[in-house]
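The primary structure of each chain is shown beneath.
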Amino acid sequence: MTGKLVIGNWKMNGRLAANLALIDALRADAAVQAAQVAVAPPFAYLGQAAALLAGSNIALAAQDVSAFDKDGAYTGEVSAAMLADVGCRYVLIGHSERRQYFAEDHALLARKLQAAVAAGLIPVYCVGETLAEREADAYKAVIAEQLAVLGALAGRDYVVAYEPVWAIGTGKVASVEQIDDVHQYIRATLLQCHGASDSIRVLYGGSVKADNADAIFSLQSVGGALVGGASLDVESFGRICQAAKKTV
Ligand code: PGA
């Protein structure tokens, strides 16, 4: 694992004109150009983003993928092969918003992970506890259960993103001690389950902003960031990329 990876998760935001302006500005930003970076627009705009990103250092990511790996009668679904076909390198899987609003469970997520790696995509598997689980001191057990799904991915290329649910979109960032504690725990758990964890990046996500990125990236256990709100603003995202580059 070398350098920090910064992925912008646009969530359900964007329009043709706004995406064009954002990607143009990202391509012109020196800090973004110098970083390892990806953006994850909504499905509807992946083709547009792929065309606008052509020839740049910015990779394309999708926010979700179907668990069905063969083409067919699955209305509304988007397969991993389609994501690879339009130029995606990464795909988010198991984001807490998917778990919460779409009741995605571990059996489904295991299928999505398999479908993604089979199509040559790099899954970015999201884990993280709710506030109640943190307060009950159950967060490590919850994360261990979420990580167990990765058992079948030994030897494959994937990324883990630790996103405490209570820190997503709330402005409440986890402390560096809390982040380091969980990141070390994730590494140890992956080591136990796969026998190796050094090459696996663990990103932090949850209210990462320009003004807290330096502190977060100063942790050796942090392999990068999954950025929501701040990824829609070029200046903020550029400064986060700059912080990522500084700590390489
Ligand atoms: P946030 O979202 O940066 O807006 O907190 C992070 C995420 O959900 O990936």
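The sections below set out a description of the structure shown in this document. Each chain carries its own residue numbering, running from 1 in the written order of its sequence. A pLDDT threshold of at least 70 governs which residues receive local features in this predicted model, and a stricter bar of 80 or more applies before side-chain atom pairs are shown or counted, although totals over entire chains, interfaces and linings include all residues. Derived side-chain values reflect all non-hydrogen atoms in the structure, with water molecules and hydrogen atoms excluded from consideration.

For the largest pocket, the calculated volume is near 360 Å³. The wall of the largest pocket is formed by 13 residues, among which Lys11, Met12, Gln63, Arg98 and Phe102 lie closest to the centre. Considering every element that reaches the lining of the largest pocket, the biggest residue donor is helix α5 (residues 96–101), with three residues. Put simply, the grid is 1 Å and covers the protein atoms alone, a cavity is a trapped set of points that fit a 1.4 Å probe, a pocket is an open set with protein on both sides within 12 Å along at least five of seven lines, and lining residues have an atom within 4 Å of a point. Grid points are joined across faces, edges and corners, and a volume is the space filled by probe spheres set on the points. Each helix is a run of DSSP H or I of at least 4 residues and each strand a run of E of at least 2, with the numbering of both proceeding from the N terminus.

On to the pattern of salt bridges. Salt-bridge detection follows one rule: a side-chain nitrogen of Lys or Arg within 4 Å of a carboxyl oxygen of Asp or Glu. Inspection of every chain in the model, using the stated rule, returns 10 salt bridges. For Asp181, the salt bridge goes to Lys140, with nearest N and O atoms at 2.9 Å. Placement of Asp181 in helix α9 (residues 176–194) and of Lys140 in helix α8 (residues 139–147) is noted, with a sequence separation of 41 residues between them. The rule is simple: take the accessible area with a 1.4 Å probe, protein chains only, and divide by the maximum for that residue type; under 20% is buried, over 50% is exposed, in between is partly exposed. With a relative accessible area of 29%, Lys140 lands in the partly exposed category. Sharing partners across several salt bridges, the network here consists of Asp64, Arg98, Glu104 and Lys112.

Now for the site of the ligand. When at least one non-hydrogen atom of a residue lies within 4 Å of a molecule or strand, that residue is treated as near it. Near the ligand, the surroundings consist of 13 residues, among which Lys11, His95, Glu163, Gly169 and Ser207 are the closest. Here a polar contact is taken to be a pair of N or O atoms separated by no more than 3.5 Å, where protein atoms must pair a possible hydrogen donor with a possible acceptor and residues adjacent in sequence count only if both atoms sit in side chains. Note that an oxygen atom of the ligand is positioned 2.7 Å from one of the side-chain N or O atoms of Lys11. Between the ligand and Gly229 there is a distance of 2.9 Å, counted from an oxygen atom to a backbone nitrogen or oxygen. All accessible areas in this document rest on Shrake-Rupley with a 1.4 Å probe, and a residue is counted as covered only by the protein chains that are shown. Taking 280 Å² as the accessible area of the ligand by itself, protein coverage stands at 97%. Throughout this entry, Asp, Glu, Lys and Arg are counted as charged residues, while Ala, Val, Leu, Ile, Met, Phe, Trp, Tyr, Cys and Pro are counted as nonpolar. The remaining residues, Gly among them, count as polar. When grouped by side-chain class, the residues that make up the shell around the ligand number four nonpolar, seven polar and two charged.

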